[in-house]
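Chain residues, written in single-letter form:
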Amino acid sequence: MTGPGGSGVAPGRRLRILLAEDNPVNERVARTLLEKQGHTVLVAHNGREALAVAEREQLDVILMDVQMPEMDGFAATAAIREMEAGTGRRVPIVGVTAHATPRDRRLCLAAGMDTYLSKPIRPGMLFAAIDEVIPGRERAPAAPPPADRSLAAVEVLDEAGLLAVVSGHRDLLRELAELFLEDSPQRLLEIRKALDSGNFAALQRAAHTLKGSTSSLCGKRAAELALRLEELADTRDLPAARLSYSALADEVGKLQRALVLLAGMNDSR
Amino acid sequence: MSTILVLDDDRIFRRLVVEALEQRGHRVLQAGRAAEADLLLEEEHADLLLVDGLLPDITGVQWIEKLRERGRQTRVLLITSFWKSMRDFTIAARKLGSIEMVRKPVEADELANRVEAALDVRGRSRRT
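Procedures and definitions
Throughout, residues of each chain are indexed from 1 in the direction in which the sequence is written. Chains carry letters from A onward and ligands carry numbers from 1 onward, assigned in written order. Restriction of local features to residues with pLDDT of at least 70 applies here, the model being predicted, together with a cutoff of 80 or more for giving and counting side-chain atom pairs; totals for whole chains, interfaces and linings are based on all residues. The side-chain figures draw on all heavy atoms in the structure; neither hydrogens nor water molecules are used. Note on contacts: a residue pair qualifies if any of its non-hydrogen atoms lie within 4.5 Å across the two residues. Summed over both partners, the accessible surface that disappears when two parts come together, traced with a 1.4 Å probe, is what is meant by buried area. By definition here, a salt bridge exists when the distance from a side-chain nitrogen of Lys or Arg to a carboxyl oxygen of Asp or Glu is within 4 Å. Pairing of N or O atoms within 3.5 Å defines a polar contact, subject to two protein rules: one partner must be a possible hydrogen donor and the other a possible acceptor, and residues neighboring in sequence count only if both atoms are side-chain atoms. Where helices and strands are cited, they refer to DSSP runs of H or I of at least four residues and of E of at least two residues respectively, numbered from the N terminus. Any residue that is not Ala, Val, Leu, Ile, Met, Phe, Trp, Tyr, Cys, Pro, Asp, Glu, Lys or Arg is counted as polar, Gly included; the first ten are nonpolar and the last four charged. We define the nonpolar core as a collection of buried residues of types Ala, Val, Leu, Ile, Met, Phe, Trp, Tyr and Cys that are connected through side-chain atoms lying within 4.5 Å of one another. Exposed residues in this analysis have more than 50% of their type's maximum accessible area, buried residues have under 20%, and partly exposed residues fall in between, with area computed by a 1.4 Å probe over protein chains only. Strands pair, by our definition, only if DSSP identifies at least two bridges between them. Structural elements are reduced to axes, namely lines fitted to C-alpha atoms, with helices fitted over the stretch in contact, and the angle between N-to-C directions of any two is expressed from 0 to 180 degrees. Residue count minus one, scaled by 1.5 Å, sets the expected span of a helix. Convention used here: a crossover is right-handed provided that the path from the first strand, over the helix, to the second strand proceeds clockwise when the strands point away from the viewer.

Chemist: Sorry, what's going on with the interface of chain A and chain B here?
Modeler: Across the contact, 23 residues belong to chain A and 19 residues belong to chain B. Summing both partners gives a buried area of about 1,900 Å² for chain A against chain B, and 59% of it is carried by carbon and sulfur. The tally of links from chain A across to chain B stands at three salt bridges. Across the pair Asp183(A) and Arg11(B) runs a salt bridge whose closest N-O atoms are separated by 2.8 Å. Here chain A is connected to chain B by seven residue pairs in polar contact (both at pLDDT 80 or more). Where the side of chain A that touches chain B is concerned, the elements lending two or more residues are α9 (170-197), α10 (200-216) and α11 (220-235) of chain A. Looking at which element gives the most residues to the side of chain A that touches chain B, the answer is α10(A), with nine residues. Tallied by class, residues from the side of chain A that touches chain B come to seven nonpolar, eight polar and eight charged.

Have a look at this one:
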């Protein structure tokens, strides 16, 4: 993947970034991606630390996980905005959330964040979000961040493709979305059980079914991951299958959320 | 109007097949497992079977083999996406008659075309 990296290269300067994240794995992923681009990364493990760092350091951008111990990302952002009031300073803040729901988005923006990212962090989306919030930051022509972002969204759910599948019938779309919300957790559970018991035949069948439904719904990434899992079941590669499963579970979650939004099912909730 | 049995444990795929085929005036029977399909076929006549290559209780090819052993020559469209099912299919096609393969992913409309083409073949061979 070279495209998304393009927008991460600072054409003007290297950035000083505060990464507020309590999960060591996520911290490492984000830090590695940012440092590879030549940025300096400071780390905070909760909202209180993030606030302290923001107070004493000159920062170009803050990546703020919303769920952290002691003080969460929303509260820390609100506190930073309060601290900045009247100083003319305003450090851009990118919220990082596990749930890219409309509610989370509203909370991020209401707390004073400039944009938000959903987990797991992917390079293209991370760099696009940074480009988006840093004023006057030039965009790499090869991979303009907005296109990159929408590309990422298309990988989760190809909305135009799915609307074509249902010939624009909203009722059918909703029905399919409901079926997926009901059935996909069941398939993931079967996969997990099969992984636990080393039952490759069951693993292959559940992955196969999930691949079928995700590909019918134009959930490109999920379908690819389900296919990979189906193949790994065939070659009986348990460690790789386990890794592949967690990626698949993430992607299925994203697809579920995207379907809920597309089918307008969040309105009635 | 023809009656088509779709055997696939993916309800989303079945729903799309029902939509596409009913729009063309066909009747669709649905089963999620081979055992369910067996029960349905005891009571109902189907002109064509649309069968997924990998079912919860058996492979599509194994099910068709059992069907043929019981003397049923109903035409089959086997839907496969995985290379292994394709290999199974190639072996099966030599051994079992009246079977064609459809590669997944397939659009519902295209699938409906394939179904109607297969029904046509059956209609013609019956007339001759």
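Chemist: Before we go on, may I ask you to explain the nonpolar core in this structure?
Modeler: In summary, soluble globular proteins display a tendency toward joint burial of nonpolar side chains. Formed by 40 residues in total, the largest nonpolar core has its most connected members in Leu162(A), Ile191(A), Leu203(A) and Leu248(A). When residues of this core are traced back to their parent elements, those giving at least two are α9, α10, α11 and α12 (238-262) of chain A together with α1 (11-23) of chain B. Considering every element that reaches this core, the biggest residue donor is α9(A), with 10 residues. For Ile191(A), the residues in contact, after removing those within four places along its chain, are Leu203(A), Ala206(A), Ala207(A), Leu210(A), Leu229(A), Tyr245(A) and Leu248(A). Membership of the second largest hydrophobic core comes to 23 residues, among which are Met64(A), Ile80(A), Ala111(A) and Met113(A).

Chemist: I would appreciate a short explanation of the pairing of strand β4 (residues 75-80) of chain B in the present structure.
Modeler: Each regular strand carries side chains that alternate between the two faces of the sheet. Residue and element names in this part refer to chain B. The buried count for β4 comes to six of six residues, which makes it a mostly enclosed element. Burial of β4 is two-sided: the residues Arg75, Leu77 and Ile79 facing one way and the residues Val76, Leu78 and Thr80 facing the other way are all buried. Note: strand β3 (residues 48-52) against β4, five bridges, orientation parallel. Directly across from valine 51, in β4, lies its bridge partner leucine 78. Pairing of β4 with strand β5 (residues 99-103) involves five bridges; the strand directions are parallel. Within β5, the residue paired with threonine 80 across the bridge is arginine 103.

Chemist: Explain the sheet that holds β3(B) to me, please; I cannot follow it from the model alone.
Modeler: The strands making up a sheet associate through backbone hydrogen bonding, with each pair oriented either parallel or antiparallel. Residues and elements named next belong to chain B. The strand order across the open sheet formed by five strands is β2-β1-β3-β4-β5, and the pairing between neighbours is parallel. Bordering the open sheet on either side are β2 (27-31) and β5, each of which pairs with just one other strand. Taken pair by pair, the neighbouring strands of this sheet meet at an average axis angle of 20 degrees, ignoring direction. Here strand β1 (residues 3-7) pairs with β2 via five bridges, running parallel. Bridge pairing in β2 links leucine 5 to leucine 29. Strand contacts of α1: β1, β2, β3 and β4, with the helix running at about 170 degrees to β2, the strand carrying the most contacts.

Chemist: Explain α1(B) to me, please; I cannot follow it from the model alone.
Modeler: Count 3.6 residues to each turn of an α-helix, and residues three or four apart come out pointing the same way. Residue and element names in this part refer to chain B. Along its 13 residues, α1 runs 18 Å from first to last C-alpha, staying within 8% of the 18 Å computed at 1.5 Å per residue. Where α1 begins, one side-chain oxygen reaches toward the backbone nitrogen of isoleucine 12, 3.0 Å away; that side chain belongs to aspartate 10. Looking at the residues trailing α1, positive phi occurs at glycine 25, about 85 degrees.

Chemist: Help me understand the environment of Trp63(B) in this model?
Modeler: All names here are of chain B. Relative to the helices and strands, tryptophan 63 is located in helix α3 (residues 60-69). Expressed as a C-alpha distance, the spacing of tryptophan 63 and aspartate 38, which sit 25 residues apart in the sequence, is 9.4 Å. Discounting chain neighbours no more than four positions away, the residues touching tryptophan 63 are Leu5, Leu7, Ala34, Ala37, Asp38, Leu41, Leu49, Val51 and Ile58.

Chemist: Whenever I open this one, the pairing of strand β1 (residues 16-20) of chain A confuses me. Can you help?
Modeler: All names here are of chain A. β1 sits mainly inside the fold: four of its five residues count as buried. Relative to strand β2 (residues 40-44), β1 is paired through five bridges, and the arrangement is parallel. Of the residues in β2, the one forming a bridge with isoleucine 17 is valine 41. Taking the sense of rotation as the criterion, the β-α-β connection linking β1, helix α2 (residues 24-36) and β2 turns out right-handed. The sheet contact formed by β1 and strand β3 (residues 61-65) spans four bridges and is parallel. Looking at β3, one finds that leucine 18 is bridged to isoleucine 62.

From the geometry alone we can't say anything about function, so treat these as descriptive.
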